[in-house]
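As a plain string of letters, each chain reads:
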Amino acid sequence: ARLRSGITVVKHGRSRWCKSRLRILHVHPDGKSLSWRPAAGEPTSSKRPPRLNLSSCIEVRHAWSSDSLCTQYTGTALLRSKCEASNAHKSFSLIFPKRTVDITAKTADQCKVLMEGFSALCFRLQVANLSTMKKNEEEEKQSIPTSTATESS
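A few points on the structure. (Residues numbered from 1 in each chain as written. Predicted model: local features only at pLDDT ≥ 70, side-chain atom pairs only at ≥ 80, totals over all residues. Heavy atoms only, no water.)

**Observations concerning the pairing of strand 1 (residues 7-12)**
The condition that has to hold: Paired strands, as defined in this entry, are two strands with at least two bridges between them according to DSSP. Secondary structure elements are taken from DSSP: a helix is a run of H or I of four residues or more, a strand is a run of E of two residues or more, and numbering for both begins at the N terminus.
As paired elements, strand 1 and strand 2 (residues 21-27) share 5 bridges and run antiparallel to each other. Bridge pairing in strand 2 links V10 to L22. In terms of strand pairing, strand 1 meets strand 7 (residues 100-104) through 3 bridges, oriented antiparallel. By the bridge assignment for strand 7, K11 is matched with I103.

**Overview of the pattern of salt bridges**
Our working definition: Whenever a carboxyl oxygen of Asp or Glu lies within 4 Å of a side-chain nitrogen of Lys or Arg, that contact is scored as a salt bridge. Accessible area is worked out with a 1.4 Å probe on protein chains only. A residue is then buried under 20% of its type maximum, exposed over 50%, and partly exposed in between.
Tallied over the entire structure, the rule returns 4 salt bridges. Between D30 and R51 there is a salt bridge, with its nearest N and O atoms 3.4 Å apart. With D30 in the loop between strand 2 and strand 3 (33-38) and R51 in the loop between strand 3 and strand 4 (52-53), this pair connects stretches of sequence that are 21 residues apart. Its relative accessible area of 49% is what places R51 among the partly exposed residues. Linking E116 and K112 is a salt bridge whose minimum nitrogen-to-oxygen distance equals 4.0 Å. In this pair, E116 and K112 are both assigned in helix 3 (residues 108-143), 4 residues apart and thus about one turn of the helix distant. The partly exposed category is assigned to E116, whose relative accessible area is 48%.

**Some words on the environment of A39**
Inclusion rule: Every residue pair with non-hydrogen atoms within 4.5 Å of one another is taken to be in contact.
Structurally, the position occupied by A39 is in the loop between strand 3 and strand 4. The class of A39 is buried, set by a relative accessible area of 8%. A C-alpha to C-alpha distance of 5.6 Å links A39 and L22, two positions 17 residues apart in sequence. Among all residues touching A39, those that are not within four sequence positions of it are T8, L22, R23 and I24.

Rendered as structure tokens:
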């Protein structure tokens, strides 16, 4: 519920020239999409922030958790390069198929709450998608005739 109105965090930019900035993360009214906007006093961008479908989030990973792509490292490549070691305890990433959203919360407690919330929300959306897909498959099976009419010549 808190994510609908927005939570201020530090979002680490993907480009090496892009600084980490205060952003307000928010879930859209549909409850399925994540976006962000600049916090008060932060520079704005001419680009519209992406609207990420949370049901496609593969993983919510703490900065201290093992990187599945490089097991000798923790977090994500972006967190390793942008997040100061002193902030790792309150940092995490949302991992999507083609990108990550790397975040440092204000406190370790906020980080824990956000990680648990995103994990639960993403899981719930994925389960809902699976049940919708299964329901659609069953409806398609029922609409296909079981026997075909034979033509007489």
